[in-house]
Amino acid sequence: MEGVDHLAHERNKAQFDVAVMKAVWAGSRDAYELFHRFSRLVANDPEMFIPAIKAQATEEQQKQWLPLANKMKIIGSYTQTELGHGSNVRGLETTATFDPKTDEFVLNSPTLTATKWWPGGLGKIATHALAHARLIIDDKDYGVHGFLVQLRSLDDHLTLPGITIGDIGMKYGSGAYNTMDNGSLIFDHVRIPRNQMLMRLSQVTREGKYVPSNVPRQLSYGTMVYVRQKIVFDASIALSRAVCISTRYSAVRRQFGSHNGSPETQVIDYKTQQARLFPLLASAYAIRFVSEWLNSFYKDLLQRLEAKDFSTLPEAHACTAGLKSITTSVAADGIEECRKLCGGHGYLTSSGLPELSAVYIPACTYEGDNVVMLLQVARYLMKTISQLKSGNKPVGTTAYLGRAEQLMQYHSDVLRAEDWLKPNVVVEAFEARAARMSMACAQNLSKFNNPEDGFQELSADLVEAATAHCQLIIVSKFIEKLQQDIPGKGVKEQLGVLRSIYALFLLHKHIGDFLSTDCITPKQGYLANEQLRSLYSQVRPNAIALVDAFNYTDHFLSSVLGRYDGNVYPKLYEEAWKDPLNDTSIPDGFHEYVQPMLKQPLHHGRL
Ligand SMILES: CC/C=C\C/C=C\C/C=C\C/C=C\C/C=C\C/C=C/C(=O)SCCNC(=O)CCNC(=O)[C@H](O)C(C)(C)COP(=O)(O)OP(=O)(O)OC[C@H]1O[C@@H](n2cnc3c(N)ncnc32)[C@H](O)[C@@H]1OP(=O)(O)O
Ligand SMILES: Cc1cc2nc3c(=O)[nH]c(=O)nc-3n(C[C@H](O)[C@H](O)[C@H](O)COP(=O)(O)OP(=O)(O)OC[C@H]3O[C@@H](n4cnc5c(N)ncnc54)[C@H](O)[C@@H]3O)c2cc1C
């Protein structure tokens, strides 16, 4: 019935202050503003163009271009990827050749594979591109740099001479990402003034002299680092949306279990449902907290860069690349699992889950393919280990590698299931697992004469070691979050339950790592799983309140299964009748195509 809260009985079970949990989840308010910018982003993509200008343009260039971009007097596209290259930025083929006679750069797409391909907004709406092209001066190639290129007239929006632009066509399913005009672009000797090369990091003088950057060249990748750390926050939003829908529906849905006329069992009470759903609920909170930490780490990096302190740049790259990879994979797989947790109705568009999945899953690819990103983390870990011999003391997220020798001797001292609730016990196990996996890779790498050959040969193991490292970061940041002062009845206790679920679920899922590295015994693995089952029982009465704490409106969730009031069945039915197919009883084409078949005379008893 309208106006009735069908989940009130669930909400009354909450053992914590939901208002405080909402504040803990919301964290810094700007994160929400960011997300709402993102929700506009799917239709447009100024959010990379502007940061890229800030990162790569001189003050003078920023004064010229930022006001135009901020006021949408120009619409920009971050135009880097090409038909032939995306991951390998240094392999991009578009050229920007300096012409000293005219003090211009000539942009050209020398091959088909040099066609710019995928940039958001490029297909129909962008008036300007921040095009990444190989800087060529006197036939010498100085590598990839950024260039501002006008694509369309600001009067009639027609493409300018030498510019061929198109949309790259429909994408995955009918998802909302098809509102994004990812485009293609071919340059045919397009001339731009020299001052439209972004020259904050490196310059080209009027005489055509190349002035190399006096800061790490990787700062030219700064926009990707910025977006990757934003994407981690986005993963917490996407996963929490799906978890909210599937948790509420799991409390509404009843199937089997009726005795003597009693109500059937709520599917949320099945242990299999809990074992699939509650780790995702815990992961949403874990990703949110690590995104908060990553954002503060990134802001600290920016301050350091202002002071020409590049000391945390390598770690920032590794953390943004690795956490982007891990969290988007968890979120994308989690959204699909949430669909399955809702049974058949999860496959309905009105559940909100197919659309969420279709829009979200490219996050595993854009801003860096997830495997390529983990390989970057692996490079960083191997480099860190190689420097141990020279006495380099790792700090920050690799500090544990400074204790590698000690961790190589580690054996968990867990005796009882509840020992796994101790944060230090968990962190030690995760540190030992990550250290041993990385050290084993380093050991194996040392057997290769050519380190690059070794890296390629061992890349699958290296990805697993990088994954263990990133999971350790997320577990550690969840633990650190709970060391903060968090008020409110039962809030910290509930977050503690989620922290333990997150860590022990990962331990159970990757039990092979923990056993093969001899960090824990099979018995200790068994006790961890015992404890996990007990934790699910502790979350159960709080599950609805924990997803209420995400504070999502029904409009935002756009899901009949995830409605706040749990009034699912009438709304499912109502939503179905909105389908145009139900405007008529007899479907189009029936009389022309189906009825003649039905009217066919029977021949010898056969149609
Ligand atoms: C857009 C919205 C933003 C925010 C607001 C809203 C909401 C956010 C939520 C979601 C986002 C919403 C929408 C996004 C949707 C679509 C947009 C998508 C855009 C794109 O996809 S843009 C294109 C992205 N492309 C990539 O990511 C390419 C990936 N490839 C690379 O990054 C590089 O090619 C790679 C793999 C790093 C290799 O580079 P390179 O060959 O130059 O380096 P090496 O591997 O040889 O390493 C050399 C050395 O350099 C270090 N290093 C590499 N990269 C970096 C870096 N970025 N920073 C610092 N250091 C770096 C590396 O570690 C090595 O160091 P070493 O010598 O070993 O010490
Ligand atoms: C929805 C969407 C929006 C996008 N928006 C933009 C945008 O606005 N601007 C822009 O410039 N680009 C954009 N892109 C492009 C995106 O950045 C690239 O697709 C992404 O970086 C992956 O590169 P790729 O396509 O070359 O993949 P590839 O690198 O070709 O990946 C193919 C396979 O090769 C593997 N692989 C590649 N290299 C290695 C290696 N060294 N070792 C092991 N395995 C490897 C990958 O893991 C993957 O399995 C967008 C893409 C999508 C899907």
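Residues numbered from 1 in each chain as written. Chains lettered and ligands numbered in written order. Predicted model: local features only at pLDDT ≥ 70, side-chain atom pairs only at ≥ 80, totals over all residues. Heavy atoms only, no water.

Here the focus is the nonpolar core. With 154 residues, the main nonpolar core has Leu281, Tyr285, Leu323, Trp420, Leu495 and Phe550 as its most contacted residues. If one sorts the elements of this core by residue count, helix H6 (residues 222-252) sits on top with 18 residues. Of the domains in this structure, domain 1 (74-215) and domain 2 (222-546) are the two that each give at least three residues to this core. The contacts of Tyr285, once residues within four sequence positions are left out, are Met21, Trp25, Phe478, Leu495, Leu498, Leu546, Ala549 and Phe550. Ala131, Ala133, Leu135 and Val149 belong to the second largest nonpolar core, which has 24 residues in total. (Core = buried A, V, L, I, M, F, W, Y, C linked by side-chain atoms within 4.5 Å. Buried < 20%, exposed > 50% of the residue type's maximum accessible area, 1.4 Å probe, protein only. Helix = DSSP H or I, 4+ residues; strand = E, 2+ residues; numbered from the N terminus. Domains from an automatic or database assignment. Contact = heavy atoms within 4.5 Å.)

A word on the site of ligand 2. Close contacts around ligand 2 come from 20 residues, with Tyr78, Thr81, Ser87, Gly120 and Asp369 the closest. Between ligand 2 and Gly120, the relevant distance is 2.9 Å, taken from an oxygen atom to a main-chain nitrogen or oxygen of the residue. Here Asp369 contributes a side-chain N or O atom positioned 2.6 Å from an oxygen atom of ligand 2. For ligand 2, whose accessible area on its own is 970 Å², the fraction buried by protein is 64%. Per-element accounting of the shell around ligand 2 gives the leading share, 3 residues, to helix H10 (residues 370-386). Looking at which domains feed residues into the shell around ligand 2, each of domain 1 (74-215) and domain 2 (222-546) supplies at least three. (Near = heavy atom within 4 Å. Polar contact = N/O pair within 3.5 Å; in protein donor to acceptor, adjacent residues only side chain to side chain. Areas by Shrake-Rupley, 256 points an atom, 1.4 Å probe, with all protein chains shown as cover.)

A few words now on the packing of helix H8 (residues 313-341) against helix H14 (residues 459-481). Remark: H8 packs on H14, axes separated minimally by 10 Å, with the N-to-C direction vectors making an angle of 90°. Relative to H14, the element H8 is oriented roughly perpendicular. Here Cys319, Gly322, Leu323, Ile326 and Thr327 of H8 lie close against H14, whose contacting residues are Thr467, Cys470, Ile473 and Ile474. By residue class, the composition of the contact of H8 with H14 is 6 nonpolar, 3 polar and no charged. (Axes fitted to C-alpha atoms, helices over the stretch in contact; angles between N-to-C directions. Parallel < 35°, antiparallel > 145°, perpendicular 65-115°, else oblique. Nonpolar A, V, L, I, M, F, W, Y, C, P; charged D, E, K, R; others polar.)

With that out of the way, let us pick up a nonpolar patch on the surface. There is a patch of nonpolar side chains on the surface, built from Tyr593, Val594, Met597 and Leu598 and spanning about 450 Å² of accessible area. Topologically, Val594 is positioned in helix H21 (residues 590-599). Residue Val594 is classed as partly exposed on the basis of its relative accessible area of 32%. (Patch = residues over 30% accessible without salt bridge, like charges linked within 9 Å, V, L, I, M, F, W, Y side chains within 5 Å. Salt bridge = Lys/Arg side-chain N within 4 Å of Asp/Glu carboxyl O.)

Evaluated as defined, the whole model comprises 31 salt bridges. With a shortest N-O distance of 2.8 Å, Asp5 and Arg11 are connected by a salt bridge. Where Glu431 meets Arg403, a salt bridge forms, and the shortest distance between an N and an O atom there is 3.1 Å. Separated by 28 residues along the polypeptide, Glu431 in helix H12 (residues 423-445) and Arg403 in the loop between H10 and helix H11 (404-408) bring together distant segments of the chain. For Arg403, a relative accessible area of 33% corresponds to the partly exposed category. Linked by salt bridges that have partners in common, Asp5, Arg11, Arg248 and Asp548 make up one network.

Bringing the site of ligand 1 into the picture now. Around ligand 1 sit 32 residues, and of these Ser87, Arg90, Gln218, Tyr221 and Lys383 come closest. One of the side-chain N or O atoms of Arg217 is found 3.1 Å from an oxygen atom in ligand 1. In this structure, Gln218 approaches ligand 1 through a side-chain N or O atom, which is 2.7 Å from an oxygen atom. Relative to its unbound accessible surface of 1300 Å², ligand 1 loses 85% to contact with the protein. Of all the elements in the fold, those that place two or more residues in the shell around ligand 1 are helix H3 (30-41), helix H4 (46-56), H6, H8 and H10.

With that settled, consider the confidence of the model for the protein chain. Residues at a pLDDT of 70 or more form 96% of the protein chain, whose mean pLDDT is 94. Across residues 30-35, confidence stays below pLDDT 50; counting only partners more than four residues off in sequence or on other chains, it has 15 contacts. With pLDDT under 50 throughout, residues 37-45 is counted as low confidence; its partners more than four residues away or in other chains account for 20 contacts. Note on the complex model: pTM 0.95, ipTM 0.96. (pLDDT = per-residue confidence, 0-100.)

Moving on to the packing of helix H2 (residues 18-26) against helix H7 (residues 271-306). Between H2 and H7, the least distance of the axes is 9 Å, while the angle of their chain directions is 50°. Here H2 is positioned oblique relative to H7, judged by the angle of their axes. In this structure, H2 contributes Met21, Val24, Trp25 and Ala26 to the contact, and H7 contributes Ala284, Tyr285, Arg288, Phe289 and Glu292. Grouping the constituent residues of the contact of H2 with H7 by class yields 7 nonpolar, no polar and 2 charged.

Another point: helix H5 (residues 59-70). Along its 12 residues, H5 runs 15 Å from first to last C-alpha, staying within 8% of the 16 Å computed at 1.5 Å per residue. Buried residues of H5: Gln61, Gln62, Trp65, Leu66 and Ala69, and no others. Down the axis of H5, the buried set is contained in an arc of 110°. They therefore lie on one face. Residues of H5 that are exposed and angled more than 90 degrees away from the buried face: Glu60 and Lys63. (Expected span 1.5 Å × (residues − 1). Arc of directions from axis to C-beta.)

To continue, consider the UniProt feature "domain: Acyl-CoA oxidase C-terminal" (unreviewed entry) in the protein chain. The feature "domain: Acyl-CoA oxidase C-terminal" (unreviewed entry), as annotated in UniProt, sits at residues 423-599 in this numbering. Helix makes up 71% of residues 423-599 and strand makes up 0%, while its end C-alpha atoms are separated by 73 Å. (UniProt positions renumbered as here; feature names shortened; annotations may be inferred.)

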